[in-house]
Every structure is written in structure tokens, then in C-alpha cells.
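What follows is the residue order along each chain.
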Amino acid sequence: MKKMMMALVLCLMSISVAFAKGEKQVVVFDVDLHCQGCVTKIEKNIAFEKGVKDLQCDLKEHTVKVVFLSDKTDIKTLQTAFAKLGKTAIVNKDLTAKAQQAATKKK
């Protein structure tokens, strides 16, 4: 009986660890977007990077806002993913700070 209870406790602990999520982070990149094709390329690739929860491209402003889980990816990894698409992604510190503030207010 004790072994069964111990196994149950270990099973529940492993499930809770598996479902634990990292903190949501927001970053806004300045990206060299030239056309709707660039936007589509980013939406079809970056949105499916591990840890990315939301992605919004703004062709007019040449920005991409990414919401991601900090335990799954980071800014450097996202920039590498952009580079694989032939795009330069530079963190826009002002817009990132505003986006993070807005995300905090929503909580």
C-alpha cells in the first residue's frame, strides 16, 4: 500500500512539473519587412517556434510583437529564427517596455 501511495505521489508531482509554464514575456522587434510576403513568411515560421504564444506583425511600422514563454525560448533564440528567414530582428526597447506594461495591466 505504501509503495502504491508513493507511486501515486510521484506521478502527480511529475504531472505538475510537466504542466508548469514559464513566465510570459513580450518583445517587440524592428524587422526589415518590405511586403505582405515578408509578413506571411514570418507568421508561418516564427509563430511556430517553441514557446511562442502570440505574434503580431505590423507591416506599416516594420515591427513584430512576440509573446513567448521564458522557459521555452528567449530573445536570442527568436532573433536566430528571424535570421534563418533572412530577416534582421532588433529589439525595440521603447515598444517592448510599453508592451510589457500593457501585458502587466491585463493580469
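Going by the structure above, here's the rest.
Quick caveat: nothing in here was measured; it's all calculated off a predicted structure. (Residues numbered from 1 in each chain as written. Predicted model: local features only at pLDDT ≥ 70, side-chain atom pairs only at ≥ 80, totals over all residues. Heavy atoms only, no water.)

J.: In this structure, what is going on with the side chain of Thr63? I would like to understand it.
T.: Structurally, the position occupied by Thr63 is in strand S3 (residues 63-69). Ignoring anything within four residues of it in the chain, the contact list for Thr63 reads Val28, Phe29, Asp30, Leu33, Gln56, Cys57, Asp58 and Leu95. (Helix = DSSP H or I, 4+ residues; strand = E, 2+ residues; numbered from the N terminus. Contact = heavy atoms within 4.5 Å.)

J.: I would appreciate a short explanation of the nonpolar core in the present structure.
T.: The tendency in soluble globular proteins is for nonpolar side chains to be buried as a group. With 18 residues, the main nonpolar core has Phe29, Val31, Ile42, Val64, Val66 and Phe82 as its most contacted residues. Not counting chain neighbours up to four residues away, the residues in contact with Val66 comprise Gln25, Val26, Val27, Phe29, Val52, Asp54, Leu55 and Leu78. (Core = buried A, V, L, I, M, F, W, Y, C linked by side-chain atoms within 4.5 Å. Buried < 20%, exposed > 50% of the residue type's maximum accessible area, 1.4 Å probe, protein only.)

J.: Which parts of the structure should I look at to understand the pairing of strand S1 (residues 24-31)?
T.: Each regular strand displays side chains that alternate between the two surfaces of the sheet. Taken together, the 7 bridges between S1 and S3 define a ladder with antiparallel strand orientation. Opposite Phe29, over in S3, you have Val64 as the bridge partner. (Pairing = 2+ DSSP bridges.)

J.: What is the right way to read the environment of Leu55 from this model?
T.: Mapped onto the elements of the fold, Leu55 is located in strand S2 (residues 52-58). Of the residues examined, Leu55 reaches a relative accessible area of 13% and is grouped as buried. Spatially, the C-alpha atom of Leu55 lies 4.6 Å from that of Val66, the residues being 11 residues apart in sequence. With residues up to four places along the chain from it excluded, the contact list for Leu55 reads Ile42, Glu43, Ile46, Ala47, Val64, Lys65 and Val66.

J.: It is not clear to me how helix H3 (residues 75-84) should be interpreted in this structure. Could you clarify?
T.: An α-helical segment advances 3.6 residues per turn. Residues three or four places apart therefore align on the same side. Of all the positions in H3, only Leu78, Ala81 and Phe82 are classed as buried. Buried residues of H3 fall within an arc of 100 degrees about the axis and therefore sit on the same side. Pointing more than 90 degrees away from the buried face of H3 are the exposed residues Lys76 and Lys84. Positioned one or two residues after H3, Gly86 has a phi angle of 80 degrees, which is positive. (Arc of directions from axis to C-beta.)

J.: Where do I start with unusual backbone geometry in this structure?
T.: Glycine aside, residues mostly have negative phi angles, and peptide bonds mostly take the trans form. The backbone of His62 shows a phi angle near 60 degrees, a positive value even though the residue is not glycine. Mapped onto the fold, His62 is located in the loop between S2 and S3. Judged by its relative accessible area of 35%, His62 is partly exposed.

J.: What am I meant to see in the layout of surface pockets here?
T.: Take a probe with the size of a water molecule and roll it over the atoms, and the empty space left behind shows itself. Of the voids in this model, the second largest pocket is the one considered here, and its volume is about 170 Å³. Mapped by element, the contributors of at least two residues to the lining of the second largest pocket are S2, S3 and helix H4 (93-106). Among the elements that take part in the lining of the second largest pocket, H4 stands out by supplying 4 residues, more than any other. For the lining of the second largest pocket, the residue count by class is 5 nonpolar, 1 polar and 3 charged. (1 Å grid on protein atoms, 1.4 Å probe; cavity = no way out; pocket = protein on both sides within 12 Å on 5 of 7 lines; lining within 4 Å. Points joined across faces, edges and corners; volume = space filled by probe spheres on them. Nonpolar A, V, L, I, M, F, W, Y, C, P; charged D, E, K, R; others polar.)

J.: Sorry, what's going on with the side chain of Thr96 here?
T.: Relative to the helices and strands, Thr96 resides in helix H4. If we ignore the near neighbours within four places in the chain, the residues touching Thr96 are Val26, Val27, Val28 and Val91.

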